[in-house]
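# Topology and contacts: notes
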Amino acid sequence: MSFNLSGLTTYVDQTSQTELITKALLKPQTVNNLVIKAGLTAGTTNLNILDAGVDILNAACGFGAGQVGTNTTIFTQLPIVVEAKMLKEVLCPDSLYDYWLSSQLSPSAYHESVPFEEQIANLKVREINKYVENTLWAGDGSALDGLLFQTSVAEGAVDATAYSTAWTSGNAVANMWSVIDLLPNALKQEDDLVAYMSYSTYSKLTQGLIATGNSILLQYPNINNVAGQAESSFIFPGTNIKVFAAPGIVDPAGDSAVILGPKKYMYMGTGIINDQDAFRFYYDPSQDQVNFMAKFKLGTAAYASQFVSTVA
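Owing to the predicted nature of the structure, the values given are computational and were not obtained by experimental measurement.

### Regarding the pattern of salt bridges
Counted under the stated rule, the structure contains six salt bridges. With a shortest N-O distance of 2.7 Å, K85 and D140 are connected by a salt bridge. Taken as a pair, K85 in strand 3 (residues 72-91) and D140 in the loop between helix 4 (117-138) and helix 5 (147-150) lie far apart in primary sequence, 55 residues in all. According to the relative accessible area criterion, D140 is partly exposed, its value standing at 23%. Each of the salt bridges in this network shares a partner with another, and the network as a whole consists of E190, D192 and K264.

### Overview of helix 8 (residues 199-211)
For helix 8, spanning 13 residues, the distance from its first C-alpha to its last is 18 Å, which sits close to the expected 18 Å at 1.5 Å a residue. Along helix 8, the residues that are buried comprise T201, Y202, L205, T206, G208 and L209. Angular distribution of buried residues about the axis of helix 8 spans 160 degrees; they occupy a single face of the element. Those residues of helix 8 hidden inside the fold are in contact with helix 6 (172-181), strand 5 (193-197), strand 6 (233-235), strand 7 (242-245) and strand 8 (258-262).

### Some points on the nonpolar core
Counting 42 residues, the largest nonpolar core has W137, Y196, M266 and F279 as its most contacted members. Residues contacting W137, with those up to four places away along its chain left out, are T30, D145, G146, L147, L148, Y196, A246, G248, I249, I259 and M266.

### A word on the packing of helix 6 against helix 8
At a minimum axis distance of 8 Å, the contact between helix 6 and helix 8 shows a crossing angle of 110 degrees. By the angle between their directions, the pair helix 6 and helix 8 is classed as roughly perpendicular. Counted together, A172, V173 and M176 of helix 6 and K204, L205, G208 and L209 of helix 8 form the full contact between these two elements. In terms of residue class, the contact of helix 6 with helix 8 is built from five nonpolar, one polar and one charged.

Rules of the game
- Residue indices begin from 1 for each chain and proceed along its sequence in written order.
- Under the rules for a predicted model, residues below a pLDDT of 70 receive no local features and side-chain atom pairs below 80 are neither given nor counted, while totals for whole chains, interfaces and linings still include all residues.
- Side-chain measures were taken over the full set of non-hydrogen atoms in the model, leaving aside hydrogen atoms and water.
- In the sections that follow, a salt bridge refers to a side-chain nitrogen of Lys or Arg positioned within 4 Å of a carboxyl oxygen of Asp or Glu.
- Secondary structure elements follow DSSP: runs of H or I no shorter than four residues count as helices, runs of E no shorter than two count as strands, and numbering proceeds from the N terminus.
- Type-normalised accessible area, obtained with a 1.4 Å probe on protein chains alone, sets the label of each residue: buried when under 20%, exposed when over 50%, and partly exposed for intermediate values.
- Expected helix span is taken as 1.5 Å per residue step, with the number of steps being one fewer than the number of residues.
- The arc in question is traced by the directions running from the helix axis to the C-beta atoms.
- The contact rule is simple, with two residues in contact once any of their heavy atoms fall within 4.5 Å.
- Residues belong to a common nonpolar core when they are buried Ala, Val, Leu, Ile, Met, Phe, Trp, Tyr or Cys residues joined through side-chain atoms within 4.5 Å.
- Note on method: axes are straight lines fitted to C-alpha atoms, helices fitted across the in-contact stretch only, with angles between N-to-C directions ranging 0 to 180 degrees.
- Should an angle lie under 35 degrees it is considered roughly parallel, over 145 roughly antiparallel, and from 65 to 115 roughly perpendicular; all remaining angles are considered oblique.
- Just so you know the grouping, Ala, Val, Leu, Ile, Met, Phe, Trp, Tyr, Cys and Pro go in nonpolar, Asp, Glu, Lys and Arg go in charged, and all remaining residues, Gly too, go in polar.

As structure tokens, then:
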């Protein structure tokens, strides 16, 4: 039987509803660069998006058509699909007798807990981190599409496929400027622009900047995550654009996936604020075993027309 820790009764009561699930779902690096929509149920939820059409006129009395102009307040909806996911495992503490771990067991014949409970719990958190990071971008191969598809040209993003061929240190800087130039003027004024790309493309862009002598890269921000590492990011010189190496982005064969646009239009959906999303470790006396269960909700959505993408 697989060994997965713990008669973690005391530990779980303190952390299963908050600390563990929060670390697992909210600490992946990409999540820090998305808008989190919590409290969602599994299925499709429509996110309300507020926009406006502005028509500034010369000052005049009255509220007739000549004074009101074409000003509009626009409500649109963006569907986000959220799926419930789970990870379940069973552990028989007696199986540890044949290994050095037996020295960590209690003298009692009844083992309602197992050694290294917290370490095993944190390991599971990291593994779910990896799953979340990858699924945010690639989807789950079933109901969840993932952000790479949701920000693609096919879904309405501005077409930057002319610059999709795998970037090199020699052309990455020029390619980045070309992608930036495709941003509509209205979007260039946004204060939360992010260029999402793979580590490979990020590396080539960084090498290109250094080679041109423009190596004044902003210090990497100390964004906490479960691994205790800072994310790889910097502000592209001469712009207000944050360049972010997303661990979950895998470049299509022969291409570089680069998505540029406002963070405010990239969404992650979860149900984390309710007690349906939880980690639980508990002893089952009827089976004389320890069970581990993690259940959580995950989904993404992007307002594609607000992004420039090299993904067809």
